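Remarks on the overall topology
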Amino acid sequence: MHMLARGELMRFHCLAAALMMVMLATACSAGTGEDTGDDGAPGGTLVAAGSRWVQTRDLSREGGWTQQLEYAVRYALPSAHPQSMTMYMARFTMADPFHVDVHDLNTFDIVEPRLIEWPDTSLAHEMYGLAVSPDESHVAGVLSTVGGKYLEILALEAEGPRALLTGFRDVTGTDVVWQDDTKLLFSMDLTAVDDPAVGDLSGAIVAIDLSELMAGGPEGQVETSILVGFGADDWSGVADVHSLALSPDRSRLAYTSSGDIWVKDFGEPGSGPRQVTTGPFPHRGAAFSPDGSTLAFVEYVAEYESSVFLIPVNASEPLLIDSDRPEGRNYRLDGVAASTILAWLPR
């Protein structure tokens, strides 16, 4: 069972890994509306990626997926930004520096080529996570070098991008997501952290508060809160906890752990995360519908043998997801060559 470390906050020094206890406050907000299909199911458009193409699926029409943008999976990484109806595409080859293009989410044309040139990537060879803050003032990336993975956050300034934080080396997961303009969420390995706030946890989904750094505060330290904790029996490393996704109102967090999807409701103090899927194949790359009532995700069998499912977020028990069995196909939309749902757009 997942363990929840409620109300615990750490101060994490990204170089020395020193921690101290402080207080944690959590807030939640109201829901949003969206159009629905003729059958009452959430409508809109899914955006998927992970197999050469960024693809879309209009849920209001019959038909399959439309290939919109081709890219090299091992040398590029897309990240949707629904607030601005844009998609950021990081591109990384042996050339230095890595750079990020901005695409229109309606046409998928490049609207701002090389908007971001990532500083000092001469030793980096790949980017595993990319997320732009809601106000588009900061971008976070998980980069990899021969020495391991590390988290870097850039301030996007008129003079060019500036590194705000570089650290969490070898302890951060591959996915990052912004809870708001100053808080970033990711999975973190805690096995080497010696602090009372950690207790007997081996890993966690954490939130780092960057407001002090953004305001010009001391470098090298950020307040780090534990949102979902994992004991030794549930923790197989940061690679096993991924596909973090927030509902549009930021009140719920979906993530994949050990191949199943879980949901943590921030509006229910004291409650632990709920397992919402179970099945023989990994479930990954979830995205909430615009009204927050439904999750779209990929049942990943192989690159060209995957399916998309749409399930209610408030399921009372884990739903069986298995494309190979009739009873496991109740929520199946269709097949797709993809590994993640980048976004669920309202249109």
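Preceding this section is the structure that the text describes.
First, a word on what this report is: a plain description of the structure on this page. (Residues numbered from 1 in each chain as written. Predicted model: local features only at pLDDT ≥ 70, side-chain atom pairs only at ≥ 80, totals over all residues. Heavy atoms only, no water.)

Considerations on the sheet that holds strand E24 (residues 294-299)
Working definition: the strands of a sheet are paired by backbone hydrogen bonds and lie parallel or antiparallel to each other. Here is the rule: For two strands to pair, DSSP has to find at least two bridges joining them. By definition, any uninterrupted DSSP run of H or I lasting at least four residues is a helix, any uninterrupted run of E lasting at least two residues is a strand, and each is numbered from the N terminus. For helices, the fitted axis covers only the stretch in contact; all axes are lines through C-alpha atoms, and the angles between them, taken along N-to-C directions, range from 0 to 180 degrees.
In space, the four strands of this open sheet follow the order E23-E24-E25-E27, with antiparallel pairing throughout. Across the chains shown, the open sheet's two edge strands, defined by having one partner strand only, are strand E23 (283-288) and strand E27 (332-336). Geometrically, the sheet is characterised by an average inter-axis angle of 25 degrees between neighbouring strands, direction not taken into account. Looking at chain direction, E23 and E24 are connected through four bridges and run antiparallel. Bridging from a neighbouring strand, Arg284 pairs with Val298 of E24.

Section: unusual backbone geometry
The cut-off we apply is this: Here's how the labels work: a residue is buried when its accessible area is under 20% of the maximum for its type, exposed when over 50%, partly exposed in between, all with a 1.4 Å probe on protein chains only.
One non-glycine residue, Glu136, lies in the positive phi region at around 60 degrees. Along the chain, Glu136 turns up in the loop between strand E10 (124-132) and strand E11 (138-145). What makes Glu136 partly exposed here is its relative accessible area of 29%. Unlike most non-glycine residues, Asp170 shows phi in positive territory, near 65 degrees. Topologically, Asp170 is positioned in the loop between strand E13 (160-167) and strand E14 (172-178).

Thoughts on the sheet that holds strand E9 (residues 110-117)
As summarised here, the arrangement of the four strands in space is E6-E7-E8-E9, forming an open sheet in which the pairing is antiparallel. Bordering the open sheet on either side are strand E6 (76-81) and E9, each of which pairs with just one other strand. Each neighbouring strand pair of the sheet contributes to a mean axis angle of 25 degrees, computed without reference to strand direction. The sheet contact formed by strand E8 (residues 99-104) and E9 spans four bridges and is antiparallel. Its bridge partner being in E9, Val100 is matched across the sheet by Ile116.

Some details on the side chain of Thr294
Heads up, the condition is: In protein, a polar contact requires one atom able to donate a hydrogen and another able to accept it; more generally it is a pair of N or O atoms within 3.5 Å, and residues adjacent in sequence count only if both atoms are side-chain atoms. In what follows, a contact means two residues having at least one pair of non-hydrogen atoms within 4.5 Å.
One can find Thr294 in strand E24. Relative accessible area serves as the criterion here: at 9%, Thr294 is assigned to the buried category. Of note is the side chain of Thr294, whose polar atom sits 3.2 Å from the side chain of Ser293. In contact with Thr294, other than residues within four places in its own chain, are Pro42, Ala287, Phe288, Ser289, Leu310, Ile311, Val313 and Trp344.

As far as function goes, none of this settles anything; it's purely spatial.
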